[in-house]
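# Results of the structural survey
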Amino acid sequence: VSATMGVMNPLLGKLATLMGDEYRKLKGVRKQASFLMRELGAMKAALEKLEVMEVLDPLAKNWRDHVREMSYDMENCIDDFMRQFGGADAKAGLIKKTAQRLKTLRERHRIAEQMEELKALALEANERRMRYKIDNCVDSSSGVVPVDPRISAIYKEAAGLVGIDGPREELVSWLIDTEKQLKVVSVVGFGGLGKTTLAKQVYNKIGGQFERKAFVSVSQRPDMTSLLCGLQLKLGMEESSHIREVQDIIDRLREHLTHKSRYLIVVDDLWDQSAWNIISCAFPEDGNGSRVIVTTRLGDVAFHACLHDRECIYQMNPLQEQDSRSLFYNRVFGSEDSCPQQFKEVSAEILKKCGGLPLAIITIASLLASRQARSRSEWESIRDSLSSKFATKPTLEEMRSILNLSYMHLPLYLRACFLYLGMYPEDRKISKVDLVRQWVAEGFVSNLHGSNLEDAAKSYFHELINRGMIQPEDTICGEVLSCSIHDMMLDLILSKCGEDNFIRVAYDYKDMAQWDGCNYRVRRLSLKLSAGSATSGTIATSLTQIRSFAWFGESKYTPPLSEFKYLRVLLFEFPDYREMVVDLTAAGQLFQLRYLKVSAASGSIELPTEIHGLVHLETIDIDCRTAQNIPSDIVMLHRLSHLILPRDTGLPNGIGNMKSLRTLRCYCMGKSSLDDIEGLGELTNLRELTLTKSYKFDMVKAGVEALVSSIGKLCDLKFLYLACNLEHYVDLLDSISDPPLRMENLRLGGWPFYKVPIWIGDLHCLHRLSLCVERLRTDGVHVLGQLPSLMYLSLKVLCIPQDNAVIICTGSFPVLECLALRSRDDDATACMGFEAGAMPKLRRLVLGVHDRWGGGSAMPVGMVQLLSLEQIHVDNMSSIHDDHDVESAFRNAAQVHPRCPHVTIY
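What this report covers is the structure whose coordinates are included nearby. (Residues numbered from 1 in each chain as written. Predicted model: local features only at pLDDT ≥ 70, side-chain atom pairs only at ≥ 80, totals over all residues. Heavy atoms only, no water.)

With that settled, the discussion passes to the overall build of the chain. Check the secondary structure of the chain and you find 27 helices and 30 strands. Counting only residues that meet the buried cut, the chain has 54% of its 906 residues in that class. Sequence separation of at least 24 residues holds for 66% of the intrachain contacts in the chain that already meet a minimum separation of 6. Summed over its atoms, the accessible surface of the chain is roughly 38400 Å², and 48% of this surface lies on carbon and sulfur atoms. (Helix = DSSP H or I, 4+ residues; strand = E, 2+ residues; numbered from the N terminus. Buried < 20%, exposed > 50% of the residue type's maximum accessible area, 1.4 Å probe, protein only. Contact = heavy atoms within 4.5 Å. Areas by Shrake-Rupley, 256 points an atom, 1.4 Å probe, with all protein chains shown as cover.)

Counting buried residues in strand β13 (residues 548-552) gives five out of five residues, a clear majority hidden from the surface. Note: strand β12 (residues 524-528) against β13, five bridges, orientation parallel. Paired with Ser-526 across the bridge in β13 is Ala-550. As paired elements, β13 and strand β14 (residues 569-573) share five bridges and run parallel to each other. (Pairing = 2+ DSSP bridges.)

Moving on to the packing of helix α9 (residues 224-234) against helix α10 (residues 246-258). One way to put it is that α9 packs onto α10 with a least axis distance of 10 Å and a crossing angle of 20°. In terms of orientation, α9 lies roughly parallel with respect to α10. As α9 packs across α10, the resulting crossing turns out to be left-handed. Residues Met-224, Thr-225, Leu-228, Cys-229, Leu-231 and Gln-232 of α9 lie in contact with α10, whose contacting residues are Val-246, Ile-249, Ile-250, Arg-252 and Leu-253. Along the lines of polarity and charge, the residues of the contact of α9 with α10 split into eight nonpolar, two polar and one charged. (Axes fitted to C-alpha atoms, helices over the stretch in contact; angles between N-to-C directions. Parallel < 35°, antiparallel > 145°, perpendicular 65-115°, else oblique. Left-handed = near helix turned anticlockwise from the far one by under 90°. Nonpolar A, V, L, I, M, F, W, Y, C, P; charged D, E, K, R; others polar.)

Along strand β21 (residues 719-723), four of the five residues are buried, which leaves the element largely enclosed by surrounding structure. Inspection of the sheet shows strand β20 (residues 688-692) paired to β21 by five bridges, in the parallel sense. Along β21, the bridge assignment pairs Leu-689 with Leu-720.

With respect to the secondary-structure elements, Lys-205 resides in helix α8 (residues 195-206). Residue classification places Lys-205 among the partly exposed positions, given a relative accessible area of 30%. Here Lys-205 is in contact with Arg-168, Glu-169, Val-172, Arg-891 and His-902, once residues within four sequence places are set aside.

Glancing now at the packing of aromatic side chains. Applying the stated criterion to the full structure yields 20 aromatic pairs. Their ring planes at 80° and their centres at 5.5 Å tell us that Phe-328 and Tyr-329 sit as a pair that is edge-to-face. Overall, the relative accessible area of 0% leaves Phe-328 in the buried class. Taking the relative accessible area as the measure of exposure, Tyr-329 reaches 5% and is therefore buried. Arranged with centres 6.0 Å apart and planes meeting at 35°, the rings of Tyr-407 and Phe-418 form a pair that is tilted. Remark: Phe-418 occurs in helix α18 (residues 412-419) and Tyr-407 occurs in helix α17 (residues 396-408); sequence separation between them is 11 residues. Residue Phe-418 is classed as buried on the basis of its relative accessible area, which comes to 0%. Taken together, Phe-328, Tyr-329, Phe-333, Phe-343 and Trp-379 form an aromatic cluster joined through their ring pairs. (Phe/Tyr/Trp six-rings, centres within 6.5 Å; stacked < 30°, edge-to-face > 60°.)

Further remarks concern the packing of helix α1 (residues 8-18) against helix α3 (residues 58-84). The interhelical angle for the contact between α1 and α3, taken along N-to-C directions, is 35°, at an axis separation of 9 Å. Like other packed secondary-structure pairs, α1 and α3 cross with a definite hand, here left-handed. Two secondary-structure elements touch here, α1 through Met-8, Pro-10, Leu-11, Lys-14, Leu-15, Thr-17 and Leu-18 and α3 through Val-67, Ser-71, Met-74, Glu-75, Ile-78, Asp-79, Phe-81 and Met-82. When the residues that make up the contact of α1 with α3 are grouped by side-chain class, the tally is 10 nonpolar, two polar and three charged.

Right, let's get into a negative patch on the surface. Residues Glu-245, Asp-248, Asp-251 and Glu-255 make up a contiguous surface patch of negative charge. Judged by its relative accessible area of 54%, Glu-245 is exposed. (Patch = residues over 30% accessible without salt bridge, like charges linked within 9 Å, V, L, I, M, F, W, Y side chains within 5 Å. Salt bridge = Lys/Arg side-chain N within 4 Å of Asp/Glu carboxyl O. Lys, Arg positive; Asp, Glu negative; His and termini not counted. Charge placed at Lys NZ, Arg CZ, Asp CG, Glu CD.)

Attention now goes to the sheet that holds strand β1 (residues 183-188). Across a sheet, strands are paired by hydrogen bonds formed along the backbone, either parallel or antiparallel in direction. An order of β2-β3-β4-β1-β5 is seen for the five strands of this open sheet, with the pairing classed as parallel. Unpaired on one side and paired on the other, β2 (212-217) and β5 (313-315) mark the two borders of the sheet. Strand-to-strand twist of the sheet, defined as the mean angle between neighbouring strand axes without regard to direction, takes the value 15°. As judged from the three bridges shared by β1 and β5, these two strands associate in the parallel manner. Paired with Val-188 across the bridge in β5 is Gln-315.

Where charged atoms from two side chains of opposite charge approach closely, those side chains can pair. Inspection of every chain in the model, using the stated rule, returns 45 salt bridges. Between Glu-48 and Lys-44 there is a salt bridge, with its nearest N and O atoms 3.7 Å apart. Of this pair, Glu-48 and Lys-44 both sit in helix α2 (residues 27-51), four residues apart, roughly one helical turn. Taking the relative accessible area as the measure of exposure, Lys-44 reaches 22% and is therefore partly exposed. Among the salt bridges present, the one from Lys-61 reaches Asp-65, with a minimum N-O distance of 2.9 Å.

To continue, consider α10. Spanning 13 residues, α10 covers 18 Å between terminal C-alpha atoms, matching the ideal 18 Å at 1.5 Å per step. What α10 keeps buried is the set Ile-249, Ile-250, Leu-253, His-256 and Leu-257. In a view along the axis of α10, the buried residues occupy a sector of 130°, so they form one face of it. Lining the buried residues of α10 we find β2, α9, β3 (263-270) and α11 (273-279). (Expected span 1.5 Å × (residues − 1). Arc of directions from axis to C-beta.)

The structure is reproduced here in structure tokens:
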């Protein structure tokens, strides 16, 4: 599926299916399908040439848009036909009763009329192509520089932040002073200058000096209820399901912050004074030295936020020339010294045109990083595409042209995937797993890039990061788990979506009402509602052919799902605090549905009684407080690959039949039958398995034995998470004889062992391990230390004897990058020591501190031997040790370390 060509490729594939043996009795249909393939094939060739052109002749664009919309309508018609005659799943042999249906004259006439209508549409489009001389437009227009369409699936982390030290230290000096009154500091500057990055750096550096801290993003269309509720959670406040009015939430926040010593809050991406007038009401002037940082593009907003004190406005400036060069060359070549001589002059000219804006530099550098082997002339072509005016007076339009240049150089297979990010709200952290599955469901991913579509889609995701189009967020063991989009890049996405009728975004029902008179039907809809805008409304008739529907925000209204019969992707994300009922009973009629996700942590979901007709469904992901019984025929969905069950639901009866499953999460194993626990062993395609036990339901010994036996049969399992708190049966898992040897991520923190299980030493592919043990012994640590691939280790030790630390030997844990040590009640700093040469790549150390912590002298023995250590994170769970005292002790220890690691207190 393409952003500009629509579904032309899938349509041709389905026409080819109609010409196959399955439809040999429909001779008239096969003849018409053959004709359509010839006509559409000729149009496809012209469309492919138009797709790589940045500027189109108006007639060519009109014809392209018409053919794109025609392809969607044609595919819908073919899908309806194939469903009616049982051919939606030809491999499953579902063509039934075709001969009997064809005996009726009415059916013959209807089929003939449909095919004639499609034939007429194709003829008309090809006649317009000839009349408009589209082929001449293609030949005479200049295309952009072609991009090598390879997939770079390896994410390379960009070299550190450049030019941040000076601004960070200056801003820190403004905030850390003796003034006791609440101080608000505004950071103001053009989009892409790095305001958010600077605010995050300052927040991380001084956050440990405040008892309460939070970082919140506002965006252009803030939902104040959701924003303030999110602020409560980040400040450690308990949720109140009954307090939902803005004023009531503000009162709770003020009361909470008044009773705490000091707070630090960052209000990022503020756009107008009215939003600040509401948010600022939550910040009491406590006289304890609390601080608020505001970032904004607008000078008047900055001035208003800091109470008209110009001394508290920090003006962001472009990078200095040397910093610009470092950022550019590090991104393209790895270092300035590695730049080939033939690229130095053109690189300097490109840098000059970027005007010192980090976003512009990173975007262009990421584009050039994929073209190092290309000729100098191609670099010069990119240089010539940049406006020289941007360096002296940057404007939004000029910045957009830089971002657009990178978009036009995207390989065609990445464009639809990139534009699909417009379905998500601004300032949203987006899961890679969700994106990958949605891209596959929409048909954006080609099997030419790998036999497994999801693996190919992950490569698409990584390439978008490498090209600087999206920004990595959560990263574990070198794998990027989520991403975000710069707001200026999101503006570009939404602009492109509007041009190609790819996605429509609505913020209230009035937006949708305006679309009824549009020339084109809406194909994908993202509904981003706030509490005040979602009280009522109806879905416009132009939306009945949408393929993706995403709903973010609040509403008491459920759309008429039964009308969305061509829907592929259905996504609901409601605020965690909202108690509501989501009616999905009509979802059983969505025959084309591939992906279903509902996130309503405090809500309940009404599911259809039958879903066996959803033969294309690949993902069911339901997160809610309660749900009606999962449809019993779910086990008949033979294409279902990913199943995330509601929290109060056990395994479906007959789960052993669901052999296509690759992901399974069940959060209430205590409600699962013994037969179904044994049935898990039949799911040999499983790659990810998450099983937890609700506190209300216990598992009997026979169930635990069946579970251990089933796990041993899942040879291809790569991710296993068990949190069942089965203290009486821990020995059953301790003695597992045949563990899945391809395991990469093993999380057993909720299953306490007496010691480290010996079989873990056989998991040579293991990257990440979370484990809970009664006591930490030298032999157990030796087992873990020999794992050749282990990069992340989280250990919870229930009982830590004093003065008996386990010493990590030289050469142990050769690739470990992060170590987390915690205890239930004891001091985790006392359980482990380090010899010289141990954990040579450890960069991050996480330690838990309790009441028994011995103070500044109680540091891990030999911590100075960890020569790669960069960060120390301390979880202060003590009721008697003050955060400031803990931080001071660890900072003193860090100062004598060769690398002076950064210390953070939680």
